[in-house]
Number of protein chains: 2
Amino acid sequence: MKVVCIQNAPKFGAKEKNFQEVRSLLNKVKADLIVLPELFATGYTFTSKAEAKELAETNHGKTAEFLKELSIKTGATIIGGFVEIEDEKIYNSALIVSENKVIDTYRKIHLFNKEKLWFEPGDKPLKVYDVKGMKIGVMICFDWMFPEVCRTLTLLGMQVLAHPSNLVMPYCQNAMVTRCLENRIFAITSNRIGREKRGQDDFNFTGMSQITNFNGEILSSAPDKKTDVLSIEIDPNKAKDKMINDFNNLLDDRRLDFYKTSYNLE
Amino acid sequence: MKVVCIQNAPKFGAKEKNFQEVRSLLNKVKADLIVLPELFATGYTFTSKAEAKELAETNHGKTAEFLKELSIKTGATIIGGFVEIEDEKIYNSALIVSENKVIDTYRKIHLFNKEKLWFEPGDKPLKVYDVKGMKIGVMICFDWMFPEVCRTLTLLGMQVLAHPSNLVMPYCQNAMVTRCLENRIFAITSNRIGREKRGQDDFNFTGMSQITNFNGEILSSAPDKKTDVLSIEIDPNKAKDKMINDFNNLLDDRRLDFYKTSYNLE
């Protein structure tokens, strides 16, 4: 299966321009899975809730329409970030789109920094999507920091993690090696580049988008400051086997009696 | 507080020789916490359960006596691995010793590879020891692979992880960066070096013992093939604060409703 990861610098508020850039980056690309950055159509650095709301869409808005168009052109399942609105609430979400249809949205459950001022925390369960033989899990950016997210998705059957990101800290790319190892999954971290100086914030996004395999190997990695398209063949079924030697199965070896109560401690 | 990490190559079955080497490595060392490798007195590569049993001890055996001696000489809490026997069952354990007393033993809950043939899996809860103002958690080697272990210990109040190891895979040292970041804890991974070719096994232990801080910084690191003593000052209280910016607290931000049922899925 061919998986593709887009790394670019979206321009704040300029949806059509951002669509056009992604469109041309994916010109003639055929793939099974394509992952775009978090908030790829709007930019990241909001200065008020009103501003974020102005750029928000339902799951049948412009961004959904654009990803549906891409899903037809590329043949791929597409996952990309957008500002979602439902019942006047806005979320930092990702659209999951395949064959001209929106399958679902994922709403980021761990909001980073001032995102807490603009967005509601995600209110929908973590889910795995079985699309054309690939079991895809979705998390957004800072969700990486909580090992429970990848673990939960793995227990739900995830083989490939789609991970739209707008990373500003330097830790995630390396941590994804451990996330993949500890769960024996593939991960596609699509991170943006560029700088956004808006209001009191001045963010430099770290790029270095990364495709990592079940064995913690970095299969493909983008530079830190350049637009890039990563593309690689993987066999998602390799993530089914959780044995790491003749004796150890990473899921069966968990000692639930020793964790579970503690995990629920406040 | 001064924390110390020993890296050496224990000789299989030669307890007195191994004690003597540790004794001389710690000659004149004064510290608050000293971590020795997994199974530092016996070596690792057993060829039968009977052989492991022959080298097993209770928590008032020779190895306990040796660590008590060290605790007096160094003034430190000492954590080091040994083969523990109780009611005819043997465990891959660590002794926790302070001020000439055995405080407890930890029995490895995730056995690696053929350890499953020799040892019983740990049957005691994960615990944090409050010793002279430092909250110490203990795990052994392969326990690192399961993020639930460090998380559980963190929820129990751990500031500093003592991590006796006999690592043969190349992943752990880098993973400890993520373990420390995701929990904001200090970790002292004391790994052995050298080769053990016994029975059908031929293990090369990877060294590179490591002291890592709450921010994922590697404070001190040993070479891969040389005996070494790492020694560094840390402030364990730095691990109390789980805020990583003005908005995010790594423990309070967990979304238990989204993990807990899944964590118990089989």
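Residues numbered from 1 in each chain as written. Chains lettered and ligands numbered in written order. Predicted model: local features only at pLDDT ≥ 70, side-chain atom pairs only at ≥ 80, totals over all residues. Heavy atoms only, no water.

**Some thoughts on the sheet that holds strand β8 (residues 160–165) of chain A**
All names here are of chain A.
- Read from one edge of the open sheet, six strands run β6-β7-β8-β9-β12-β13, paired in mixed fashion. Edge positions in the sheet fall to β6 (128–131) and β13 (218–221), since each of these pairs with one other strand and no more. Neighbouring strand axes in the sheet, compared pairwise and without regard to direction, differ in orientation by 20° on average.
- Docked against the sheet, helix α6 (residues 172–183) engages β8, β9 (186–191), β12 (210–212) and β13, running at close to 15° with respect to β12. (Pairing = 2+ DSSP bridges. Helix = DSSP H or I, 4+ residues; strand = E, 2+ residues; numbered from the N terminus. Axes fitted to C-alpha atoms, helices over the stretch in contact; angles between N-to-C directions. Contact = heavy atoms within 4.5 Å.)

**Details of the interface of chain A and chain B**
- Across the boundary between the two partners, chain A contributes 52 residues, which contact 52 residues of chain B.
- When chain A packs against chain B, close to 4,700 Å² is buried across both sides, 61% of that on carbon and sulfur atoms.
- At the boundary of chain A and chain B, one finds six salt bridges.
- Where Lys116 of chain B meets Asp253 of chain A, a salt bridge forms, and the shortest distance between an N and an O atom there is 2.8 Å. (Buried area = accessible area lost by both parts, 1.4 Å probe. Salt bridge = Lys/Arg side-chain N within 4 Å of Asp/Glu carboxyl O.)

**Let's talk about the confidence of the model for chain A**
All names here are of chain A.
- Per-residue confidence for chain A gives a mean pLDDT of 96, with 97% of residues at or over 70.
- With pLDDT under 50 throughout, residues 262–266 is counted as low confidence; its partners more than four residues away or in other chains account for 18 contacts.
- This complex was scored by the predictor with a pTM of 0.97 and an ipTM of 0.96. (pLDDT = per-residue confidence, 0-100.)

**Digging into the packing of helix α5 (residues 147–155) of chain B against helix α6 (residues 172–183) of chain B**
All names here are of chain B.
- At their nearest, the axes of α5 and α6 sit 10 Å apart, and the two run at 35° to each other. At the point where α5 passes α6, the crossing takes the right-handed sense. Two secondary-structure elements touch here, α5 through Pro147, Cys150, Arg151 and Thr154 and α6 through Arg179, Glu182 and Asn183.
- The class makeup of the residues in the contact of α5 with α6 is two nonpolar, two polar and three charged. (Left-handed = near helix turned anticlockwise from the far one by under 90°. Nonpolar A, V, L, I, M, F, W, Y, C, P; charged D, E, K, R; others polar.)

**Some points on the relation of the copies chain A and chain B**
- If you rotate chain A by 180° and push it 0.0 Å along the axis, it lands on chain B with an RMSD of 0.0 Å. Taken together, the rotation and translation describe the operation of a two-fold axis. Nearest to the rotation axis, the C-alpha of Pro147 of chain A is located 3.3 Å from it, this being the minimum over chain A.
- A share of 100% of the interface residues of chain A reappears at the interface of chain B, consistent with the copies meeting face to face through the same patch. (Least-squares fit on C-alpha atoms with pLDDT ≥ 70 in both.)

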